[in-house]
Every structure is written in structure tokens, then in C-alpha cells.
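Residues per chain, in single letters:
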There are 2 protein chains.
Amino acid sequence: MDYSNLISDKMLGVKASAIREIFKVAGKPDVISFAGGLPAPESFPVDAIKKICNDILDTEPVTALQYGISEGYAPLKQQILDRMREKEQIGTDNDDIIIVSGSQQGADLTAKVLLNEGDGVICEEPSFIGCLNTFRTYNAKLYGVPMTDEGMDLNVLEETLKNNKNIKLIYTIPTFQNPSGITSSLKTRKGMLELAQKYNVAILEDNPYGELRFSGEKIPTIKSMDTTGNVIYLGSFSKVFSPGLRLAYLIMDKGVMEKMVVGKQATDVHTNVFSQMIVSRYLKEYDIDASIENSRQIYKHRCELMLSCMDTYFPKNVSYTRPEGGIFIWVTLPEGVDSGKLMLEAVKRKVAFVPGNAFMTDIEAPSNCFRLNYSTMSDEKIEAGIKILGELLAETL
Amino acid sequence: MDYSNLISDKMLGVKASAIREIFKVAGKPDVISFAGGLPAPESFPVDAIKKICNDILDTEPVTALQYGISEGYAPLKQQILDRMREKEQIGTDNDDIIIVSGSQQGADLTAKVLLNEGDGVICEEPSFIGCLNTFRTYNAKLYGVPMTDEGMDLNVLEETLKNNKNIKLIYTIPTFQNPSGITSSLKTRKGMLELAQKYNVAILEDNPYGELRFSGEKIPTIKSMDTTGNVIYLGSFSKVFSPGLRLAYLIMDKGVMEKMVVGKQATDVHTNVFSQMIVSRYLKEYDIDASIENSRQIYKHRCELMLSCMDTYFPKNVSYTRPEGGIFIWVTLPEGVDSGKLMLEAVKRKVAFVPGNAFMTDIEAPSNCFRLNYSTMSDEKIEAGIKILGELLAETL
């Protein structure tokens, strides 16, 4: 059977993530990979999870293994709401929470509930390829707003909103952004919120890295300043507990939550109950803040080491961000240099990274930027890999 | 903020599953509920799962807790392919497999990959409300084909295909159908496949109950007769292992698999790895066939008991299916009786079931049918509940 006439229009244009091919190379044992975006495995609380699994299966096996509720495991919902209220001042009486199968599903449900084909989504340029692809699978039109050191360029943002009445959603990762590592300033956050209110659009605030700050001053989440319900907040346990368990959550105005629950039901009924119970018990019986502090120290060390190696080995006409948290550094080469071609050379020398075009609204256009990840590499590999990249850059530029 | 202008057209018409409200009533401890569709909790292999969790976290914790692959955990994929080839003669060299987060996600991804808004989906009338809602969230047009004792009416099926060029998909649960308990005959299966080939449409063969046969002769899956790749086969561990872990799989032609993987990536990246490893180890180290045989005996006993009580207590002008497996019985009242009204009366008498309209393409039209589930109830409750229903029916008819 020839499926080519049966594939939906919205899926026709979406390709397997460009970085999947890179990961195939990057996954080889002799390659030093700065291409990934994985949390450090030494941060996983394995012993605690083992003890918790035994406890759950001893005391509540049927709850863990039977069908659950689309909104999520009730105790976990309350624990997250309490924690987010305390840590991030998030959540009003008009808000509610739904547990989802990872942040990507949070973006998928948001798209499902809000977007008709052809509706517009504003995103940071560059932005997280995974969520850009999610919006593409709804045939949404992506409008990239360039990133400054302080986050989205507010002038371009307003121009874009003013000129495109089809826009329904602004997608932002304001803290330690993927891929740039940039943290949006308080002024940018307030400006985004005001513009969302003025133009009656929603903001999806994706914050998987927010708790991984290892230097600088904390900046309030956009959701914490949201009194009108425009902000849909997306939190995740992938970077602070375990990504394999696929657990994230959306906190949003009840006015849109009802449809979100219907969407969740129609998408996968409910999130894995056993995993929800593992995290719930962990939050109750263990000190997740201490565990996150441990992760912060790991990432602080690796980030500082990578930056110091870059300072030493990279040519002076190469610039890069100096993140205060998260797991990514964004490198900018002189104009006209194609990081895609550079990547092919780097891979020959057994070092991998992701070229910038993967994170753009137009993935075909060459980019002079690329993303480096430092979260899972040993000190030796960071030093060796950055040195190789530095030599390659010196030869190329 | 007023979200009413922001909700997507496709989600506007879809409401929370009608049976959710019934479940709220049915969930009360003093109500005898035949409304559910849950597997018997005594069938969950709790001790084995506990041992397996310990083994995984002792030997491969990072694999279990780190990000995984969109296609699924490789050993589990192979185990399922091997098992399906042996048990169901499913899978050709042109086929591939993807692990998904429950059957509902299998339907969701199939809809995402194949359906534009307005495209048609043929479904059995009645059919599983969950998947009908999934298709509704893609703004698909549903075409119901009435069920006979042998499955879909093939004449109506062909007429529908002939008259509606927008149809891309036939959705069927050929074995122990939800809600009717009907098993499509070999003739019907062959007819559906031939018509799918003739009109170049895909078949989604949803088979969550197929292994739960407790009487009669096994009938080949449609997929086992598919040499052209028209059939997308959807299998599940929810009814033979645990639904809370959310594990199902799609086996299909490679020509459509590539887009399915892209859809999965954009939807939730990958299925929970820990759960995939639990099932993989269970398949390797334990005897799932013995466990399924145990479930069969539980359901055989409860089904026979329920049918025998119905034979005793139900008026003679009420007819019902006599399933050879699965977990549902479908009851047909005399024409003109509204099972929705009957349900309200039944709930007052502390017995719950799901009225037939919930399973129809037009959920607003009254139905003289209703669904009974027997999988989780004690003998005492089955007898008491059916007796109460019988009395109510005798009074009403």
C-alpha cells in the first residue's frame, strides 16, 4: 500500500528531528558529545527510588498498576501546587494543575487546545527544536522573535503581534533557555506579559531548567506575575529527578484547563500512575531541594570548566553566552560561517555539537551559531573536546 | 483572560467523556458498578514487578531513568515482535513496531499521521468512546457502520466507502469488541481487508482484549492476513499486565512508520522507559501466558455468572450478547426505551452501567442499548446488581 496519499498535511512537512542524525554519531563511544541535552545520571536518586518502589508495591500496588485519573495522581498534584506556590509564587485561586507525560506533551496539549491549522505561534529565535516541531505538527505558523541578551526583543514581539492577527500563543523558555542559555530579564518578562494581555494571546512558559541556577540572582517566573490567567506554566521533573519517567505538569487558568483535560484523555488517558506515585513519595519522604542543590553543583562545575576551556582555546572572534544555570552554552561565530559544515568537520575529529539552524523557525537557512551541552561529560572530555573544537575553529576562521 | 476565542475549532465540540460523570457515581463505595472497563486487579503480577524493579534499579538504573528512544526500548520491541509473530502470525518484513503510552496514544498518533480536518473515519456503531473522542479532537468526520452478530455490516461498509472519498481510516475492534463484546467473523475480517485494499484506506485494528478468549475458536487477526500493509495493528499490555503503566504498541508498514515516529517525538518524546523495562524483564523471566490464562479463568467465571443471572432475572424481551472473551456484555432493550433514563433510575438503586448513546457517533441520540462490565466485581455484587437491574427492567418495560 502506498501511504503517500494518506499522510496528513500537517505531518507532511515535519521531518524527524534534525539532531537525531547527529545523536547517532554522537552516541558512538569514541565521540565526545556536546550535542545532547540529558541530565547528569549521577543526579538520579536511585537508592531512594528503589526503596520507594518497594514501599508502593507493598502498600498500594493496585493504585500504582490500575487505570488512573486524566488530571493526574491527586496527592502529587497538591504537592506540586504547594511547592510551586512556595518556591515560585505560582498559582492563583483561578488556576488548576494537570500532570502530563513530560514537557513535550505539555506543549502538545497546549497546541491541541489552542491552535487551528494556520494559527500563529511566536517563539524565541533560536528556540527548543522539540516544541517547534510540536507546533509544526499542528500546521501552526511559527514567528521567530530574535533573542537579545535579555530575552525576546520586545519591539519585534509587539510588531509581530500587531501585524499578525492569527497569533494565539507566545512560546518562551525564559530561564536558562534551550539552546541559548540566556535568561530573560525581569523587564522582558513583564513586557511579554503586558503584550500578551494587550493582544489577548496566551504565553506558554516552559521552565524545565529554572531550578538549576548556580550563579546570579533569581528572577521571578512570568506566571508568578500573571494575575489575568494569560500564562500557561509548564514545569518538569526531567531535569531535577528523572526524564525516563516522563513527568511534567501544567498550571493554568481553569478557563482553559477543562479542554486540556479532554485533550489529555483523548491523547493517552492519563500519565503513568506508578511514576507519579514514585515522585509523590519522593517529595514527601526525601529532600528534593538537597538533590537539586547537588545537581546545581555538578552543572556549575562543568559549565565553569567548559567556559574556561573556551576562553583558553577558542579564537577571540568567537563569542558565547555565560549561563547562570541550566545545561547549555550558545556559541556565535563570525557572520557567514556555516556551523553545519563546521559540525561535519568536528564529527570527523570525534566531537559533536548541534548546529544553530536546528533551533530556528527556518531550519534550512545556514546558521553561524551552535549549541554546546556540558551536563553529562567528564572533566577530561570537556577539556579534550573544547581543545579540539578550538583548533578546528582556529583553522576555519 | 477569556479563553473562549482562543480554543481550537477541533476541541470546541469535544466534551469530557460522558461516562466520566457516571464514573463519579459509580465510584462510590455503596454502588455496584458495571460501568467500568478495568482489568481485575488480582491479575496484576505484583510480586514479580517488585522483584523486577529491584533488579532493574540494581543493574541498569541509568537506562531506566534517563531519556529513551522514540521508537521504544529495543529489547521490548523485539520481544513483542517475536511474541506477536508466534501467537498471531503478525508482522512481515515490511512491518515495524513502535511502543506507545497506551492504546489511546496509538489511536491518537494514527489520527495525527493520517487525518486532515474533515477527513473521514469509519467506525463500528457502537464503538469505543475513547477512540471516537480521539478522532473528534482531529475534527474527523465519523461514519458509523452498524454491528451485526458477525461484526461490521459489509454492505454498509462498502456503500460508505464508495460514497465518501474523504475516508482514510477504518477503526475496528474485531475481537471481544468494546462495548458490544461481539467478535467479528473471519468472513467479516476478510471483507474489511478487501474493501480497505480496494478503496486504498488504512485499517486500525485495535486488539486489547484478543488474548482474553475463554471460550469458542480463535479467529485470525486482520493484520495476520494483511499482505499489503493496509492494517495498522494496535496491541496493549493494559488488559494482560497493567493499565497504570501505560504500555501499548503499533505494528505497521514501514511506509507509514517514519511519520509515526516523528509524531511520537513531537507528542511525548518517548514512552516511560522504566515501565518498558519492567514488561521486557517480565516477558523474559516470567510466564505471561500463564498469567493471561489466570485472567481468562477470572473473566470466564464472571461472564458466565453474569449471563446466568441475566438469564434468570432479565425480562424475556431484553436481549444481550454472549461474549467468548473480553470484559463486556451489550444489552438491547425493546425499541424506544431510553437507556439513559433507565441509568438514572438504576443509579438511584445503587447500580451503574453505561448507556449506549455514549458509544455512538451521535452521542445525543437516545439509545435502547447499554454496556455491562463484569471484570472487577465479586460474585455477590454481580448477583445482587443484576437482580436489581432485572427488577428495574421488569418494572420499566
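Starting afresh in each chain, residues are numbered from 1 along the sequence in its written order. Starting at A for chains and at 1 for ligands, labels are handed out in the order in which the entities are written. This being a predicted model, a pLDDT of at least 70 is required before a residue's local features are given, and a value of 80 or more before pairs of side-chain atoms are given or counted; all residues contribute to the totals for chains, interfaces and linings. Hydrogens and water are ignored here; the side-chain numbers use all heavy atoms of the structure.

A few points about the domain arrangement of chain A
Residues and elements named next belong to chain A.
Alright, step 1. Domain parsing of chain A yields domain 1 (3-44 + 290-396) and domain 2 (68-285).
Alright, step 2. In this document the domain limits rely on a domain assignment from an automatic tool or a database. Between the C-alpha centres of domain 1 and domain 2 there is a distance of 24 Å.
Alright, step 3. Every contact between the two is made by 34 residues of domain 1 and, on the other side, 38 residues of domain 2.
Alright, step 4. Buried area: the accessible surface (1.4 Å probe) lost by two parts on joining, summed over both. Of the roughly 2,900 Å² buried between domain 1 and domain 2 on both sides combined, carbon and sulfur atoms contribute 63%.
Alright, step 5. Looking only at domain 1, the three residues that lose the most surface to domain 2 are I292, E324 and T361, adding up to 23% of its buried area. By definition, residues are in contact when any of their heavy atoms lie within 4.5 Å.

Digging into the relation of the copies chain A and chain B
Alright, step 1. Only residues with pLDDT of at least 70 in both copies contribute their C-alpha atoms to the least-squares superposition of the copies. The operation relating chain A to chain B is a screw motion whose rotation component is 180 degrees, with 0.0 Å of axial translation and a residual RMSD of 0.0 Å. The operation mapping one copy onto its partner corresponds to a two-fold rotation axis. If distances are taken from each C-alpha of chain A to the rotation axis, the shortest is found for C53(A), at 3.5 Å.
Alright, step 2. The fraction of interface residues of chain A whose copies in chain B are also interface residues reaches 100%, indicating that both copies meet through the same surface.

Regarding the sheet that holds strand β2 (residues 95-100) of chain A
Adjacent strands of a sheet form backbone hydrogen bonds with each other and so pair up, either parallel or antiparallel.
All names here are of chain A.
Alright, step 1. The strand order β2-β9-β8-β7-β6-β3-β4-β5 describes an open sheet built from eight strands, whose pairing is mixed. For this open sheet the edge positions go to β2 and β5 (151-152), each flanked by a neighbour on one side alone.
Alright, step 2. Both strand β3 (residues 120-125) and strand β6 (residues 167-172) contribute to a ladder of four bridges, which runs parallel. Across the sheet, C123 pairs through a bridge with Y171, a residue of β6.
Alright, step 3. As a rule, the C-alpha atoms of each element are fitted with a line to give its axis, helices using only the stretch in contact, and angles between N-to-C directions run from 0 to 180 degrees. Under the DSSP-based scheme used, a helix requires at least four consecutive residues in state H or I and a strand at least two consecutive residues in state E, with every element numbered from the N terminus. Here helix α5 (residues 74-88) sits on the sheet and contacts β2, β8 (231-236) and β9 (248-253); the angle it forms with β2, its principal contact strand, is near 120 degrees. A pair of strands counts as paired when DSSP detects no fewer than two bridges linking them.

Focus: the interface of chain A and chain B
Alright, step 1. Taken together, the contacts link 86 residues of chain A with 86 residues of chain B.
Alright, step 2. One side-chain nitrogen of Lys or Arg within 4 Å of one carboxyl oxygen of Asp or Glu is enough to make a salt bridge. One salt bridge in this structure joins D58(A) and K50(B), with 2.6 Å as the shortest N-O distance.
Alright, step 3. Residues adjacent in sequence count toward polar contacts only when both atoms are side-chain atoms; beyond that, a polar contact is any pair of N or O atoms within 3.5 Å, and within protein one must be able to donate a hydrogen and the other to accept it. Where chain A packs against chain B, one counts 51 residue pairs in polar contact (both at pLDDT 80 or more).
Alright, step 4. Looking at the side of chain A that touches chain B, the elements with two or more residues in it are α1 (9-12), α3 (46-59), α4 (61-65), α6 (103-114), α7 (129-136), β8, α10 (254-268) and α11 (273-285) of chain A.
Alright, step 5. A total of 10 residues in the side of chain A that touches chain B trace back to one element, the largest contributor, which is α10(A).
Alright, step 6. Taken together, the residues that form the side of chain A that touches chain B break down as 40 nonpolar, 29 polar and 17 charged. Amino acids are sorted into nonpolar (Ala, Val, Leu, Ile, Met, Phe, Trp, Tyr, Cys and Pro), charged (Asp, Glu, Lys and Arg) and polar (every other residue, Gly among them).

Considerations on the nonpolar core
Alright, step 1. Core analysis: the biggest nonpolar cluster contains 242 residues, and F135(A), F274(A), L372(A), F135(B), F274(B) and L372(B) have the highest contact counts within it.
Alright, step 2. Beyond its immediate chain neighbours, meaning those up to four positions away, L372(B) contacts F34(B), M306(B), M310(B), F314(B), I327(B), F328(B), I329(B), V331(B), F353(B), I386(B) and L389(B). By nonpolar core we mean a set of buried residues, namely Ala, Val, Leu, Ile, Met, Phe, Trp, Tyr and Cys, connected to one another through side-chain atoms within 4.5 Å. Buried residues are those whose accessible area, probed at 1.4 Å on protein chains only, stays under 20% of the maximum for their type, while exposed residues exceed 50% and partly exposed ones sit between those limits.

Side note on the packing of aromatic side chains
Residue and element names in this part refer to chain A.
Alright, step 1. The rule is short: rings of Phe, Tyr and Trp, with Trp giving its six-membered ring, pair when the centres are within 6.5 Å, and they are stacked under 30 degrees, edge-to-face over 60, tilted in between. The tally for this structure, following the rule as stated, stands at 17 aromatic pairs over all chains.
Alright, step 2. Cluster of aromatic residues (ring-pair linked, three or more members): F241, Y282 and Y286.
Alright, step 3. Two thresholds decide whether a charge sits over a ring: the Lys NZ or Arg CZ must be within 6 Å of the ring centre and within 35 degrees of the ring normal. In this structure, K141 packs its charged tip against the face of Y143, placed 5.0 Å from the ring centre.

Let's talk about helix α9 (residues 186-198) of chain A
Residue and element names in this part refer to chain A.
Alright, step 1. Take the residue count of a helix, subtract one, and multiply by 1.5 Å to get its expected span. The end-to-end C-alpha separation of α9 is 18 Å, in line with the 18 Å expected for 13 residues at 1.5 Å each.
Alright, step 2. Within the span of α9, buried status applies to T188, R189, G191, M192, L193, L195 and A196.
Alright, step 3. Looking at the buried residues of α9, the elements they touch are β5, α8 (154-163), β6, β7 (202-206) and β8.
Alright, step 4. Among the residues trailing α9, N200 stands out with phi positive, at a value near 55 degrees.

Quick look at helix α3 (residues 46-59) of chain B
Alright, step 1. Here α3(B) spans 20 Å end to end across 14 residues, near enough to the 20 Å set by a 1.5 Å rise per residue.
Alright, step 2. Taken together, the buried positions of α3(B) are V46(B), A48(B), I49(B), I52(B), C53(B), N54(B), I56(B) and L57(B).
Alright, step 3. Residues of α3(B) that are buried make contact with α3, α4 and α11 of chain A together with α4 (61-65) and α11 (273-285) of chain B.

Structural notes on the pattern of salt bridges
Residues and elements named next belong to chain A.
Alright, step 1. Tallied over the full model, the rule gives 44 salt bridges over all chains.
Alright, step 2. Taking the shortest distance from any N to any O, the salt bridge between D55 and K51 comes out at 3.3 Å. Of the two residues, D55 and K51 are both situated in helix α3; the distance of four residues between them amounts to about one turn of the helix.
Alright, step 3. Since its relative accessible area comes to 22%, D55 is described here as partly exposed.
Alright, step 4. Across the pair E158 and K198 runs a salt bridge whose closest N-O atoms are separated by 2.7 Å. Taken together, the residues E158 in helix α8 and K198 in helix α9 connect sequence positions 40 residues apart.

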